[in-house]
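Overview (structure and organization)
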Amino acid sequence: MSSDFETYEQDFGTITAELTNKIGRIPKLSGEEKTQLVLNVDKQLEEVRELLEQMDLEVREIPVQSRAMYNSRLKSYKQEMEKLEKDFKRSRIAYSDEVRNELLGDDAGSSENQRAHLLDNTEKLERSSRRLEAGYQIAVETEQVGQEILSNLHTDREKIQRARERLRETDANLGKSSRILTGMLRRVIQNRVLIFILGAIILLTILLAIYFNMRSH
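Counting starts from 1 at the beginning of each chain's written sequence and moves along it residue by residue. Where local features are concerned, this predicted model is filtered to residues with pLDDT of at least 70; where side-chain atom pairs are given and counted, the filter is 80 or more; whole-chain, interface and lining totals use all residues. Note that the side-chain values use all heavy atoms of the structure and ignore hydrogens as well as water.

1. Some points on the overall build of the chain
Short version of the rule: The helix and strand labels rest on DSSP assignments: H or I over at least four residues marks a helix, E over at least two residues marks a strand, and numbering proceeds from the N terminus. Exposure categories follow from relative accessible area, calculated using a 1.4 Å probe and restricted to protein chains: below 20% of the type maximum is buried, above 50% is exposed, and the middle band is partly exposed. Should any heavy atoms of two residues lie within 4.5 Å, those residues are counted as being in contact. In short, Shrake-Rupley with a 1.4 Å probe defines the accessible areas, and a residue's cover is counted only from the protein chains shown.
What the chain contains, in helices and strands, is 5 helices and 0 strands. Each helix and strand of the chain, placed in order from N terminus to C terminus, yields the pattern α-α-α-α-α. Looking at the chain as a whole, 19% of its 217 residues qualify as buried. Long-range pairs, those at least 24 residues apart, make up 71% of the contacts in the chain with a sequence separation of at least 6. Summed over its atoms, the accessible surface of the chain is roughly 16,700 Å², and 55% of this surface lies on carbon and sulfur atoms.

Have a look at this one:
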């Protein structure tokens, strides 16, 4: 897993170096040439975002004991990405002194202030959007946790119900066994009483026989 992460790191370093160079050239250009370079940078920024997503996935697969180091590196890459995005936004509305003077003449200072104000508002909107997105993600994760808890509760309830059914079956079987044992015990007692009575009758018969035999002599 770490080897994949390091491969992504190398790609990240190569692309961000190219981006830094291209973003620095944007204010010096104008017209179609600037538009094409902006589109190219925008495409490469999207590639960097995808790289960061892949790196994030790789970090989650790394053993916990080694994860902290990779998390720290990933965090620094994300900060570098944020800086590149900010520099890119500034470069899109910024011009070098030569190009600005050529395009705007005496109104350059006023237009630059307007652009700075627009950039500030744009960044505020993006920060708000990121906070909303983070809140939405937390809500989604909370909902997933709630669903998992409900599912676990439902499973536990079914287990308890099955245990109760088995307990009732066990009680019924014990009751039946108890009745059988009681009947057997009753028959044993009855048999012993009969044996005792028969024994007494036999003994009495023997005694009577001896008595009458002795009397006849």
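2. Quick word on the UniProt feature "transmembrane region" (unreviewed entry) in the chain
Put simply, the rule reads: UniProt positions are given in the numbering used here, feature names are shortened, and annotations may be inferred rather than shown by experiment.
UniProt tags residues 193-212 as "transmembrane region" (unreviewed entry). The span residues 193-212 is 100% helix and 0% strand, and its two end C-alpha atoms sit 28 Å from each other.

3. Quick look at the pattern of salt bridges
As a reminder, the rule being used: Between Lys or Arg on one side and Asp or Glu on the other, a salt bridge is scored when a side-chain nitrogen of the former is within 4 Å of a carboxyl oxygen of the latter.
In this structure the tally under the stated criterion is 6 salt bridges. A salt bridge links Glu46 to Arg49, with the shortest nitrogen-to-oxygen separation between them at 2.9 Å. Linking Glu46 with Arg49, this pair stays in helix α2 (residues 31-61), spanning 3 residues, or about one helical turn. Judged by relative accessible area, Arg49 falls into the partly exposed class, the value being 29%. Here Asp87 ties to Lys83 by a salt bridge, and the two come within 3.0 Å at their closest N and O atoms. Taken as a pair, Asp87 and Lys83 lie in helix α3 (residues 64-93) at a separation of 4 residues, close to a single helical turn. Classification of Asp87 as partly exposed rests on a relative accessible area of 26%.

4. Some remarks on the nonpolar core
Threshold: Here, the term nonpolar core denotes a set of buried Ala, Val, Leu, Ile, Met, Phe, Trp, Tyr and Cys residues that are joined through side-chain atoms within 4.5 Å.
Counting residues in each nonpolar core, the largest one holds 23 residues, and the members touching the most others are Leu19, Val41, Leu45, Val48, Leu52 and Phe88. Going through the elements one at a time, α1 (2-25), α2 and α3 are the ones with two or more residues in this core. Tallying contributions element by element places α2 first for this core, with 9 residues. Residues contacting Leu52, with those up to four places away along its chain left out, are Phe12, Leu74, Tyr77, Lys78 and Met81.

5. What about the packing of aromatic side chains?
Rules: Whether two aromatic rings pair depends on their centres lying within 6.5 Å, for rings of Phe, Tyr and Trp, where Trp uses its six-membered ring; planes under 30 degrees apart make the pair stacked, over 60 edge-to-face, and the rest tilted.
For the structure shown, the criterion picks out 3 aromatic pairs. Where Phe12 meets Tyr77, the ring centres are 4.9 Å apart and the plane angle is 45°; that geometry is what we call tilted. Taken together, the positions of Phe12 in helix α1 and Tyr77 in helix α3 put the pair 65 residues apart, joining distant regions of the chain. The exposure class of Phe12 is buried, given its relative accessible area of 2%. Measuring from centroid to centroid gives 5.4 Å for Tyr211 and Phe212, while their planes differ by 70°, and the two rings are edge-to-face.

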